[in-house]
Amino acid sequence: MIELVCPAGNFPALKEAVNNGADAVYIGFKDDTNARHFAGLNFNEKNLPKAIEYAHQRGTKVFVAINTYPQPDGWPRWQKAVDMAADLGVDVLIIADISILDYAASKHPQITRHLSVQGSATSYESLRYYEKNFGIKRAVLPRVLSVSQVAHLAQHSPVELEVFGFGSLCIMAEGRCHLSSYVTGESPNTCGACSPAKSVRWEKTSQGLESRLNDVLIDRYDDGENAGYPTLCKGRFRIGGNTFHVLEEPTSLNTIEILPELDKIGIKAIKIEGRQRSPAYTQQVTRVWRQAIDFYYADPDNYTPQSQWSAALNKVSEGSQTTLGAYSRPWQ
Amino acid sequence: MKLSLGPLLYFWSLDDIESFYQSMLDTPVDILYLGETVCSKRRSLGFEQWMELAASLRDSKPVKGQPKEIVLSTLSLIEAESELKTLRRYCDNGDFLVEANDMAAVQLLSEKKIPFSIGPTINVYNAQTLAVMQKQGLQRWVMPVELSRHTLSGILNDMDEMGIKDKIETEIFSYGHMPLALSARCFTARAHNLPKDQCDLKCIDYPDGLQVKSQEDQSLFTLNGIQTLSGLRYDLYNELEEMQSMGVDIVRISPRSRQTKEIINAYYQKINKLEDKAAYTIAENCNGYWHGEPGMLQSSL
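Residues numbered from 1 in each chain as written. Chains lettered and ligands numbered in written order. Predicted model: local features only at pLDDT ≥ 70, side-chain atom pairs only at ≥ 80, totals over all residues. Heavy atoms only, no water.

Once that is clear, we can look at the overall build of chain A. In terms of helices and strands, chain A carries 11 helices and 16 strands. Relative to the globule expectation of 20 Å for 332 residues, the C-alpha radius of gyration of chain A, 20 Å, shows essentially globular dimensions. Principal axes of the C-alpha set define a box for chain A whose edges measure 60 × 55 × 40 Å. Going through the 332 residues of chain A one by one, you find that 62% of them count as buried. Of all intrachain contacts in chain A linking residues separated by at least 6 positions in sequence, the fraction that spans at least 24 positions is 63%. For chain A, the accessible surface area stands at approximately 12000 Å², while carbon and sulfur atoms represent 47% of it. Chain A carries 34 positive and 36 negative side-chain charges, and their two centres are separated by 3 Å. (Helix = DSSP H or I, 4+ residues; strand = E, 2+ residues; numbered from the N terminus. Rg over C-alpha atoms; globule rule 2.2 N^0.38 Å. Buried < 20%, exposed > 50% of the residue type's maximum accessible area, 1.4 Å probe, protein only. Contact = heavy atoms within 4.5 Å. Areas by Shrake-Rupley, 256 points an atom, 1.4 Å probe, with all protein chains shown as cover. Lys, Arg positive; Asp, Glu negative; His and termini not counted. Charge placed at Lys NZ, Arg CZ, Asp CG, Glu CD.)

Right, let's talk about the packing of helix H5 (residues 124–134) of chain A against helix H4 (residues 103–111) of chain B for a bit. Contact geometry for H5 of chain A and H4 of chain B: axes closest at 7 Å, N-to-C directions at 60°. As far as their axial angle goes, H4 of chain B and H5 of chain A are oblique. Relative to H4 of chain B, the crossing made by H5 of chain A is left-handed. Where H5 of chain A abuts H4 of chain B, its residues Glu125, Ser126, Arg128, Tyr129, Tyr130 and Lys132 of chain A lie against Met103, Ala104, Val106, Gln107, Leu108, Ser110 and Glu111 of chain B. Looking at the contact of H5 of chain A with H4 of chain B residue by residue, the class counts come to six nonpolar, three polar and four charged. (Axes fitted to C-alpha atoms, helices over the stretch in contact; angles between N-to-C directions. Parallel < 35°, antiparallel > 145°, perpendicular 65-115°, else oblique. Left-handed = near helix turned anticlockwise from the far one by under 90°. Nonpolar A, V, L, I, M, F, W, Y, C, P; charged D, E, K, R; others polar.)

The next point concerns the pairing of strand E4 (residues 97–100) of chain B. All names here are of chain B. Both faces of E4 are covered, namely the face carrying Leu97 and Glu99 and the face carrying Val98 and Ala100. The pairing of strand E3 (residues 69–73) with E4 spans three bridges and is parallel. Within the sheet, the bridge partner assigned to Val71 lies in E4 and is Leu97. At this point the chain moves from E3, through helix H3 (residues 81–91), to the parallel E4, and the crossover so formed is right-handed. As defined by bridge partners, E4 adjoins strand E5 (residues 116–118) across three bridges and the pair is classed as parallel. Bridge pairing in E5 links Glu99 to Ser117. With H4 bridging E4 and its parallel neighbour E5, the resulting β-α-β unit is right-handed. (Pairing = 2+ DSSP bridges. Right-handed = clockwise from strand over helix to strand, strands pointing away.)

For the rest of this paragraph, the subject is the packing of aromatic side chains. In total, this model carries 20 aromatic pairs over all chains according to the counting rule given. Between Tyr182 of chain A and Phe221 of chain B the ring centres are 6.3 Å apart and the planes differ by 40°, which places this aromatic pair in the tilted class. Linking Tyr182 of chain A in helix H7 (residues 179–184) with Phe221 of chain B in strand E9 (residues 219–224), this pair reaches from one chain into another. With a relative accessible area of 1%, Tyr182 of chain A lands in the buried category. Every member of this aromatic cluster is reached through a ring pair, and the members are Phe295, Tyr296, Tyr297, Tyr303 and Trp309 of chain A. For the cation-ring pair, Lys15 of chain A lies above Tyr54 of chain A, with the distance from its terminal atom to the ring centre recorded as 5.7 Å. (Phe/Tyr/Trp six-rings, centres within 6.5 Å; stacked < 30°, edge-to-face > 60°. Lys NZ or Arg CZ within 6 Å of the ring centre and 35° of its normal.)

Before going further, it helps to spend a moment on the interface of chain B and chain A. It is common to report an interface's size as the accessible area lost on association of the parts. Contacts between the two partners involve 71 residues from chain B and, on the opposite side, 66 residues from chain A. Across the chain B/chain A interface, buried area totals approximately 5800 Å², and carbon plus sulfur atoms make up 54% of it. Ranking the residues of chain B by area buried against chain A places Arg185, Arg190 and Gln215 of chain B at the top, with a combined share of 14%. We note a salt bridge from Arg128 of chain A to Glu111 of chain B, for which the minimum N-O separation is 2.2 Å. Where chain B packs against chain A, one counts 45 residue pairs in polar contact (both at pLDDT 80 or more). Here the residues of the side of chain B that touches chain A sort into 33 nonpolar, 23 polar and 15 charged. Note: strand E8 (residues 172–177) of chain A against strand E7 (residues 169–183) of chain B, two bridges, orientation antiparallel. Among the inter-strand pairings, Cys177 of chain A is bridged to a residue of E7 of chain B, identified as Ala181 of chain B. (Buried area = accessible area lost by both parts, 1.4 Å probe. Salt bridge = Lys/Arg side-chain N within 4 Å of Asp/Glu carboxyl O. Polar contact = N/O pair within 3.5 Å; in protein donor to acceptor, adjacent residues only side chain to side chain.)

Residue and element names in this part refer to chain B. Across the nine residues that make up helix H5 (residues 127–135), a large majority, seven, are buried. Of all the residues in H5, the buried ones are Ala127, Gln128, Thr129, Leu130, Ala131, Val132 and Met133. Looking at the residues trailing H5, positive phi occurs at Gly137, about 120°.

A word on H3 of chain B. Looking only at H3 of chain B, the buried set comprises Glu83, Leu84, Leu87, Tyr90 and Cys91 of chain B. Axial view of H3 of chain B: buried residues confined to an arc of 115°, hence all on one face. As for H3 of chain B, its buried residues are in contact with H5 of chain A together with helix H2 (47–59), E3, E4 and H4 of chain B. (Arc of directions from axis to C-beta.)

Right, let's get into the side chain of Ser73 of chain B. All names here are of chain B. With respect to the helices and strands, the residue Ser73 is situated in strand E3. A residue is classified by how much of its surface remains accessible, and Ser73, at 1% relative accessible area, is buried. A distance of 2.6 Å separates a polar atom in the side chain of Ser73 from a polar atom in the side chain of Glu99. Not counting chain neighbours up to four residues away, the residues in contact with Ser73 comprise Pro7, Tyr33, Leu34, Gly35, Glu36, Thr37, Glu99 and Asn101.

Take a positive patch on the surface next. On the surface, Lys15, Lys46, Lys50 and Arg58 of chain A cluster together to form a positively charged patch. You can see Lys50 of chain A is positioned in helix H2 (residues 47–57). (Patch = residues over 30% accessible without salt bridge, like charges linked within 9 Å, V, L, I, M, F, W, Y side chains within 5 Å.)

Residues Tyr21, Met133 and Trp141 of chain B are the most contacted members of the largest nonpolar core, which totals 202 residues. Membership of the second largest hydrophobic core comes to eight residues, among which are Val5, Ala24, Phe63 and Ala269 of chain A. (Core = buried A, V, L, I, M, F, W, Y, C linked by side-chain atoms within 4.5 Å.)

With that settled, consider the environment of Val5 of chain A. Residue and element names in this part refer to chain A. Tracing the backbone shows Val5 in strand E1 (residues 3–7). Classification of Val5 as buried rests on a relative accessible area of 0%. If sequence neighbours within four positions are ignored, Val5 has contacts with Ala24, Tyr26, Phe63, Arg138, Glu162, Ala269, Ile270, Lys271 and Ile272.

On to unusual backbone geometry, then. Among all residues except glycine, the phi angle is most often negative; among peptide bonds, the trans geometry is most common. The phi dihedral of Ser195 of chain A falls on the positive side, at around 45°, and the residue is not glycine. Tracing the backbone through its elements, the reader meets Ser195 of chain A in the loop between helix H8 (188–191) and strand E9 (200–205). Taking relative accessible area as the criterion, Ser195 of chain A reaches 0% and is therefore assigned buried. With a phi angle near 55°, Asp200 of chain B is a residue other than glycine that sits in the positive phi range. When its relative accessible area of 58% is taken as the criterion, Asp200 of chain B is described as exposed.

So far we have only geometry, and geometry alone does not tell us how the molecule works.
Here it is in structure tokens:
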């Protein structure tokens, strides 16, 4: 049965995930060792044991993401994060950096290792590298592959595959995008942040509502237009005389309609994006996906997505619009 | 400190590619990286032709200086089986050093115990990672563009302590539009309202990429098919001396359709403390990453 892996940015969100049917929750520590290093988010030494206990008592696994890339000054902190997670008895470490994988594999071989999406493995040869050298059991795939590419990968992969099912959509190969540091100085790889909130500025001007990132104009909205968070790749920019979404429209990923396909090609887990979102988001999304997965397994041949699912999911989607992303590739 | 010419990132015709590399024989550049690293649909040269070009450049007697070292640089984002197939041919070429730009290439090379180098899109942020890869055959690395001199100095110190500094050459991307991101999508096709599969190979019309500006006309990015580059050119001309003193082995210049020779010459003169014939201007360029700031900034620190 496909495993449902849900995000928890804090204890209340973790409880929602656990109580609404997540098979596993994934969390991070309160520092730059994880790719959602946002103010007010994540877990520390104090509340993590309680969180693990809460999840384990209810049969839910706990995955800890230590999935940014340490630089020389920070390396011991990443090492400590691995030790702490291992000592507290988490089920899985989600890691991107080669040296941290190497460290976890040699120091805590008993703790299962998954390759983070930030590890950016998009072929089975790449997966073989991580399996052979660091014994990873599973890899989370970047959101750049089509369903047929994922299927091909699943056929040849030496490890289990986990794919993103719902949430914000990265259009770049994760772990290999420096757009954010080019403009703000902070990137997912170095700081666990993309287009960080501290660099954002909103301003009402005579030309409309403007969003800026480190002073760079990302978008300008007319009255009544839906204004979205100024993530760099979702801005409206200019090429020649044309102003448009040069890289991507602000939409969210939703793969609920291809759930049977994902199961048939051998995907082992669906990951829900959004550790930075509210407990209400985690509750809503976990509940719908649990229903969808149970509904599918009850009668695999007659699966059709229910209209109330999309209604519930659309309410919490970015840009109130969802897409299959690279899985279907309308732009191909 | 040696000078290298990184792989051509843009899509040029066969004639343009051949005459460009021919003209590089007259420059003091030491290392030439050859091959398509961005999009497998670009086939001005196929595998055999790249190999022929590589051999002919290696065997040519340059007007001045040593013969050029040739390295084969490989695709940066491997998605399709056909791309793996081509990648295997490069890795098995048996003649030239291969630069891996995706972990698939690292796997293929290390599995066969073939020594290799890695480009700036392989995520190496610390010396511990280099130590792991050194045991697997790593000989040379190019630092990811977003890292600073502070990080580099930390990595070089750690490499020294680990006893691997002399075993791995350090190369720094120092001039040109920086490769910032890779996607499954083609942004050049998107700009032309074309689907990726029917892109008409539009990249050929943009020998130095397609400029993206903000609505206030600030230069932001350069589109190059599935790759997004910086809007401004990175330029570490003023930092060459510092790199030399830190122990950087190789300085990389990224090819452009214009002025590549002039940049190579200016860098060569500066590195070798020769007379500066032309005044070098960096006014339009950026160097923020080196100084630990947003990459687009120009810092005078």
